[in-house]
Amino acid sequence: MKSKNSKRCNPLCHSRESGNPRLNVNSEICSQVSEIYAWLDSQIKSMNVDCSGCGKCCDFGSFGHKLFVTSPELLYFCENSKPPKKMSTGVCPYMEDYKCTARDLRFSGCRIFFCKADDEKINKLSEQAIKKFKKLCDKYNFPYSYMELSAALNCAELSF
Ligand code: SF4
Ligand code: SF4
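A short tour of the structure in this document, coming up. (Residues numbered from 1 in each chain as written. Chains lettered and ligands numbered in written order. Predicted model: local features only at pLDDT ≥ 70, side-chain atom pairs only at ≥ 80, totals over all residues.)

Per the secondary structure count, the protein includes seven helices and four strands. Its helices and strands in sequence order give the protein the pattern α-α-α-β-α-β-β-α-α-β-α, from N to C terminus. The buried share of the protein, taken over its 160 residues, is 26%. Pairs at least 24 apart in sequence give 84% of the contacts found in the protein among residues at least 6 apart. (Helix = DSSP H or I, 4+ residues; strand = E, 2+ residues; numbered from the N terminus. Buried ≥ 20, exposed ≤ 12 C-beta atoms within 10 Å, placed from the backbone. Contact = placed C-beta atoms within 7 Å.)

What follows covers helix 4 (residues 71-80). Burial of helix 4 is extensive: eight of the ten residues sit out of reach of the surface. All buried positions along helix 4 are accounted for by Ser71, Pro72, Glu73, Leu74, Leu75, Tyr76, Phe77 and Cys78.

In this section: the site of ligand 1. Cys58, Leu67, Cys92, Tyr94, Met95, Cys100, Ala102, Arg106, Phe107 and Cys110 make up every residue found near ligand 1. Across the shell around ligand 1, the residue classes tally to nine nonpolar, no polar and one charged. (Near = placed C-beta within 6 Å. Nonpolar A, V, L, I, M, F, W, Y, C, P; charged D, E, K, R; others polar.)

The next subject is unusual backbone geometry. A cis amide bond links Lys82 to the next residue, Pro83, at an omega of -15°. With respect to the helices, strands and loops of the structure, Pro83 is situated in the loop between helix 4 and strand 2 (95-96). Located in the positive-phi region is Asp97, a residue other than glycine, with phi close to 50°. Here Asp97 is to be found in the loop between strand 2 and strand 3 (99-100). The phi angle at Asn141 is positive, at roughly 50°, despite the residue not being glycine. Considering the arrangement of structural elements, one finds Asn141 in the loop between helix 6 (119-140) and strand 4 (146-148).

So, on to the nonpolar core. Val69, Leu74, Leu149, Ala152 and Ala156 are the most contacted members of the largest nonpolar core, which totals 28 residues. Secondary-structure elements contributing two or more residues to this core are helix 2 (23-47), strand 1 (68-70), helix 4, helix 6, strand 4 and helix 7 (149-157). In this view, Val69 contacts Leu74, Phe107, Gly109, Met147, Leu149 and Ala152; residues no more than four positions away in its chain are not counted. (Core = buried A, V, L, I, M, F, W, Y, C linked by C-beta atoms within 7 Å.)

Further remarks concern the site of ligand 2. Every residue near ligand 2 is listed here: Cys51, Ser52, Gly53, Cys54, Gly55, Lys56, Cys57, Phe114 and Cys115. Taken together, the residues of the shell around ligand 2 break down into five nonpolar, three polar and one charged.

Orientation of helix 4 relative to helix 6, taken along the N-to-C sense of each, is 80°, at an axis distance of 8 Å. Taken together, the axes of helix 4 and helix 6 lie roughly perpendicular to each other. On the side of helix 4, the interface is formed by Ser71, Pro72 and Glu73, while helix 6 contributes Phe133, Leu136 and Cys137. When the residues that make up the contact of helix 4 with helix 6 are grouped by side-chain class, the tally is four nonpolar, one polar and one charged. (Axes fitted to C-alpha atoms, helices over the stretch in contact; angles between N-to-C directions. Parallel < 35°, antiparallel > 145°, perpendicular 65-115°, else oblique.)

Structural data, given as structure tokens:
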């Protein structure tokens, strides 16, 4: 998964301007992000992927893996996990003892990636999910961005 647009690094600033009437809109966006995750989880379930849950892929530095997240997902994550944790190493700050401590909130990239899965199927699912997040941004005039997790969490942390 590669970054396509990292120009707007902090959509949360946009969404938190003082007196911003978008706050209700943001809660609608969050509700729809949750629906997209439910759709994604059902798609993944039907793929019957093999995962031991070892958590090694959340240590990006060692695993040689990058995770990119979209702006509506970052909004959803930060609305439900305040304040967001800063990412200062190559390891996701939400991983503890190789377990995800933010499982219900985890990003689409976390849900879709499986080291033993068919790349073609994974890429297709990822494209479909991104299309849905872009459509959501268009619907609510929310700035779309797609950025690496460290950049996303580090700039989100500054918003709180
Ligand atoms: S949010 Fe959870 S699943 Fe995603 S990278 Fe972090 S620890 Fe791993
Ligand atoms: S996808 Fe692979 S590396 Fe990641 S938790 Fe599952 S088995 Fe471990």
